[in-house]
Amino acid sequence: MPKEKLLDNIDIRILRALQKNGRLHNNELAQEIGLSNSACLRRVNILEENEIIDHYTAILNPQKLHCPLSAYVFGSFIEEDNSKRERFIFEMKLVPNIVECHLMAGDYDFVVKIRAADLDEFHRIKTKYLNKETGVKNVKSEIVLQTIKDSTELPL
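Bear in mind the structure is a predicted one, so any value in this text is a computation, not a measurement. Per chain, residues are indexed from 1 in the order of the written sequence. Totals for whole chains, interfaces and linings use every residue, but because this is a predicted model, local features are given only for residues with pLDDT of at least 70 and side-chain atom pairs only at 80 or more, for both listing and counting. As a convention, hydrogens and water are excluded, and side-chain values are obtained from all of the structure's heavy atoms.

Enquirer: How should unusual backbone geometry be read in this particular structure?
Expert: Leave glycine aside and you will find that most residues have negative phi; peptide bonds, for their part, are mostly trans. Not every positive phi belongs to a glycine, and Glu51 is a case in point at roughly 60 degrees. Each helix corresponds to a stretch of at least 4 residues labelled H or I by DSSP, and each strand to a stretch of at least 2 residues labelled E; elements are numbered beginning at the N terminus. Along the chain, Glu51 turns up in the loop between helix H4 (37–49) and strand E1 (69–77). A positive phi is found at His66, a non-glycine position, where the angle reads about 60 degrees. With respect to the secondary-structure elements, His66 resides in the loop between H4 and E1.

Enquirer: Looking at this structure, how should I read the sheet that holds strand E4 (residues 136–143)?
Expert: Strands in a sheet are paired, the pairing made by backbone hydrogen bonds, and the direction either parallel or antiparallel. Two strands make a pair as long as DSSP finds a minimum of two bridges between them. Overall, antiparallel pairing links the four strands, which are arranged E2-E3-E1-E4 in an open sheet. The strands lining the two open edges of the sheet, one partner per strand, are strand E2 (98–103) and E4. With direction set aside, neighbouring strand axes in the sheet form an average angle of 20 degrees. Only the stretch in contact is used when a helix axis is fitted, and all axes are lines through C-alpha atoms; the angle between N-to-C directions ranges over 0 to 180 degrees.

Enquirer: Would you mind going over the pattern of salt bridges with me for this structure?
Expert: Any two side chains of opposite charge can pair, so long as their charged atoms come close to each other. Whenever a carboxyl oxygen of Asp or Glu lies within 4 Å of a side-chain nitrogen of Lys or Arg, that contact is scored as a salt bridge. Tallying each qualifying case throughout the model produces six salt bridges. Arg43 is paired through a salt bridge with Asp8; the nearest N and O atoms lie 2.8 Å apart. Of this pair, Arg43 sits in helix H4 while Asp8 sits in the loop between helix H1 (3–6) and helix H2 (9–20), and the two are 35 residues apart along the sequence. Here Glu91 makes a salt bridge to Arg87, at a shortest N to O gap of 3.5 Å. Of the two residues, Glu91 and Arg87 both sit in helix H5 (residues 82–94), four residues apart, roughly one turn of that helix. Each residue is assigned to one of three classes by its accessible area relative to the maximum for its type, calculated with a 1.4 Å probe on protein chains only: buried under 20%, partly exposed between the two thresholds, exposed over 50%. With relative accessibility at 36%, the residue Arg87 sits in the partly exposed group. Counted as one network, the salt bridges with shared partners bring together Asp8, Asp11 and Arg43.

Enquirer: Looking at this structure, how should I read the side chain of Lys113?
Expert: Tracing the backbone shows Lys113 in strand E3 (residues 110–116). Charged residues are defined narrowly, with Lys and Arg counted positive, Asp and Glu counted negative, and His plus the chain ends left uncounted. No salt bridge forms around the buried Lys113; measuring N to O, its nearest opposite-charge neighbour Glu100 is 4.2 Å away.

Enquirer: When you look at the domain arrangement of the protein chain in this model, what are you seeing that I'm missing?
Expert: One widely used convention gives an interface's size as the accessible area the parts lose upon coming together. What fixes the domain bounds is an automatic or database domain assignment. Here the domain parsing of the protein chain yields domain 1 (9–50) and domain 2 (62–144). Just the C-alpha atoms count here: the centres of domain 1 and domain 2 sit 37 Å apart.

Enquirer: How should I be thinking about the packing of H2 against helix H3 (residues 26–33) in this particular structure?
Expert: Packed helices, taken two at a time, are described by their axes: the angle between them and the distance between them. Following both chains from N to C, one finds H2 and H3 inclined at 125 degrees, their axes separated by 10 Å at the closest point. As far as their axial angle goes, H3 and H2 are oblique. When the axes of H2 and H3 are compared, the crossing they make is right-handed. Residues Ile10, Arg13, Ile14, Ala17 and Leu18 of H2 touch H3, and the partners they reach there are Leu29, Glu32 and Ile33. Every angle not falling under 35 degrees, over 145, or within 65 to 115 is termed oblique; those three ranges are roughly parallel, roughly antiparallel and roughly perpendicular. Less than a right angle of anticlockwise turn of the near helix away from the far helix marks a crossing as left-handed, whereas a clockwise turn marks it as right-handed. Residues are treated as being in contact if the distance between any of their heavy atoms lies within 4.5 Å.

Enquirer: Looking at this structure, I do not really get the packing of H2 against H4. What am I missing?
Expert: With their axes 11 Å apart at the nearest point, H2 and H4 run at an angle of 80 degrees to one another. What the angle tells us is that H2 and H4 run roughly perpendicular. Together, Ile10, Asp11, Ile14, Leu15 and Leu18 of H2 and Arg43, Val44 and Leu47 of H4 make up the contact between the two elements. Polar here means any residue outside two lists: the nonpolar Ala, Val, Leu, Ile, Met, Phe, Trp, Tyr, Cys and Pro, and the charged Asp, Glu, Lys and Arg; Gly therefore counts as polar. Here the residues of the contact of H2 with H4 sort into six nonpolar, no polar and two charged.

Enquirer: Sorry if this is basic, but what is going on with the nonpolar core here?
Expert: Nonpolar side chains tend to gather and get buried jointly when the protein is soluble and globular. If you look at the biggest cluster of nonpolar residues, it comprises 17 residues, and the most contacted ones within it are Phe88, Met92, Phe110, Val112, Ile114, Phe122 and Leu130. Mapped onto this core, the elements with two or more residues apiece are E1, H5, E3 and helix H6 (119–129). In this view, Ile114 contacts Leu69, Ser70, Ala71, Val73, Asn97, Ile98, Phe122 and Ile125; residues no more than four positions away in its chain are not counted. In this structure, Leu7, Ile12, Cys40 and Leu47 belong to the second largest nonpolar core, which totals 14 residues. We define the nonpolar core as a collection of buried residues of types Ala, Val, Leu, Ile, Met, Phe, Trp, Tyr and Cys that are connected through side-chain atoms lying within 4.5 Å of one another.

Below, the structure written as structure tokens:
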């Protein structure tokens, strides 16, 4: 269903404001949107209940937390082995340095994004978790040199 049918203009304004600053207090959000406090809170609660607002989080600075290196690893699985695929998925969820993991359609079976302190740590993570034991046949790594845009905001 198109987002126009699900959300009205006020909902979209609420979501845009919260994407920019998830710490807005209800009274600040209501004032920014032009609603009463109770109407704004009711709308936010509905957006949460309908899981349009999935959760709230803090976005941390990787430079300050000693994981400035960002890399993408593209890979293929050895074969169509569901048990190894399940193990791969299980392992990826456990590794804190793997901040994204996607199964893909196309030239590669998966892509992972790894945050690490340096190339040595990146290599250790890649070697330990992206190997034959998890059903990985081959990988191709791409190191990020400069980030132009890194956003969590969805287009509304």
